[in-house]
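A closer look at the structure
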Amino acid sequence: MIAKKAIVLFSGGQDSTTCLAWALNQYEHVETIGFDYGQNHRIELDCRHTVLARIRNDFPQWAERLGEDHLLEIGVLGRISDTALTKDAEIVLQNDGLPNTFVPGRNLLFLTLASAVAYRRGCTVLVGGMCETDFSGYPDCRDNTMKAMQVALSLGIARPLVIETPLMWIDKAETWQLAATLGGDKLVKTIQEDTHTCYRGDREHMHEWGFGCGTCPACELRAGGYSNWQKETRP
Ligand code: ZN
């Protein structure tokens with residue numbers, strides 16, 4: 001265990017829940033931060049509480065390291081961006097090749113706000129689920145973007161701040177495996193039942209990989225990763 005305090009960017013989805021487990025596995029004290037920016041589907045924010053409660057109940061070794069949860073309201077992000085995550089629109093590819101679920105500057109803003117909270121709380125590590133491997137093309141999920149942010153924020157708050165991205169170079173099947181390695185079947189079950197990924201906010205249809213419409217890009221990625229993981233580990 002590393003005697004450091006970390007803050008996990010925690011949305012209540014599969015990736016950030018896996019990152020939270022990763023952080024709880026190695027840091028002495030772990031806090032969580034989430035953002036309410038007027039996303040269409042409030043279900044994500046409810047999932048955060050369910051997952052945190054389940055970790056406190058079912059994982060005593062992690063519960064004692066799990067600290068405060070911070071939920072920041074940043075409605076301004078929803079007001080300045082026009083995307084399928086905050087407006088009721090079909091998910092399509094834009095002319096620039098990015099899906100219209102891309103919220104420009106979102107991760108940059110999240111990390112900046114998280115660094116301010118980290119400063120106040122004495123945390124020196126930010127953990128996020130950004131990933132370049134299966135990535136939906138979001139430029140603010142790239143490794144170089146994260147490295148640039150780490151340098152900018154460390155200079156800007158005049159304290160060393162490390163951005164850890166445990167999922168950066170692994171695919172969705174490996175993300176399921178990482179959860180299994182860190183927290184066994186119990187954590188996999190938590191991710192299946194309590195986390196949310198679907199862009200359409202569907203909590204009616206339960207699949208073996210979790211709730212979701214099954215056809216939006218986020219569901220397809222999550223379902224594909226699960227099925228590949230099953231094939232690799234339980235052929
Ligand atoms: Zn979906």
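Quick note: structure is the one above.
Below or above, wherever it landed, is the structure these notes cover. (Residues numbered from 1 in each chain as written. Predicted model: local features only at pLDDT ≥ 70, side-chain atom pairs only at ≥ 80, totals over all residues. Heavy atoms only, no water.)

The biggest cluster of nonpolar side chains holds 65 residues, and the ones touching the most others in it are Leu20, Leu111, Leu126 and Val127. It is helix α7 (residues 172-194) that contributes the most residues to this core, nine residues altogether. When residues no more than four places from it in sequence are discounted, the contact partners of Leu20 are Val8, Phe10, Val30, Thr32, Leu52, Ile55 and Leu66. (Core = buried A, V, L, I, M, F, W, Y, C linked by side-chain atoms within 4.5 Å. Buried < 20%, exposed > 50% of the residue type's maximum accessible area, 1.4 Å probe, protein only. Helix = DSSP H or I, 4+ residues; strand = E, 2+ residues; numbered from the N terminus. Contact = heavy atoms within 4.5 Å.)

Under the defined criterion, the tally for this structure stands at seven aromatic pairs. Relative to Tyr226, the ring of Trp176 lies with its centre 4.9 Å away and its plane at 80°, an arrangement referred to as edge-to-face. One end of the pair, Trp176, is in helix α7; the other, Tyr226, is in helix α8 (residues 217-233), with 50 residues separating them in the sequence. A residue is classified by how much of its surface remains accessible, and Trp176, at 0% relative accessible area, is buried. Plain terms: the ring middles of Trp176 and Trp229 are 6.0 Å apart, the flat faces sit at 15° to each other, and that makes the pair stacked. Of this pair, Trp176 sits in helix α7 while Trp229 is found in helix α8, placing the two residues 53 residues apart along the sequence. Trp229 matches Trp176 in its accessibility class, with the two residues each being buried. (Phe/Tyr/Trp six-rings, centres within 6.5 Å; stacked < 30°, edge-to-face > 60°.)

Of all 10 residues that make up strand β2 (residues 27-36), eight are buried, and the element is covered over most of its length. Two strands pair when backbone bridges link them, and strand β1 (residues 2-9) and β2 are joined in this way by six bridges, in the parallel orientation. When the sheet's bridge partners are listed, Ala6 is paired in β2 with Val30. Read as a crossover between parallel neighbours, the route from β1 over helix α1 (residues 14-26) to β2 is right-handed. When β2 meets strand β3 (residues 66-73), the two strands line up parallel, connected through six bridges. Note on β3: the bridge partner recorded for Asp36 is Glu73. (Pairing = 2+ DSSP bridges. Right-handed = clockwise from strand over helix to strand, strands pointing away.)

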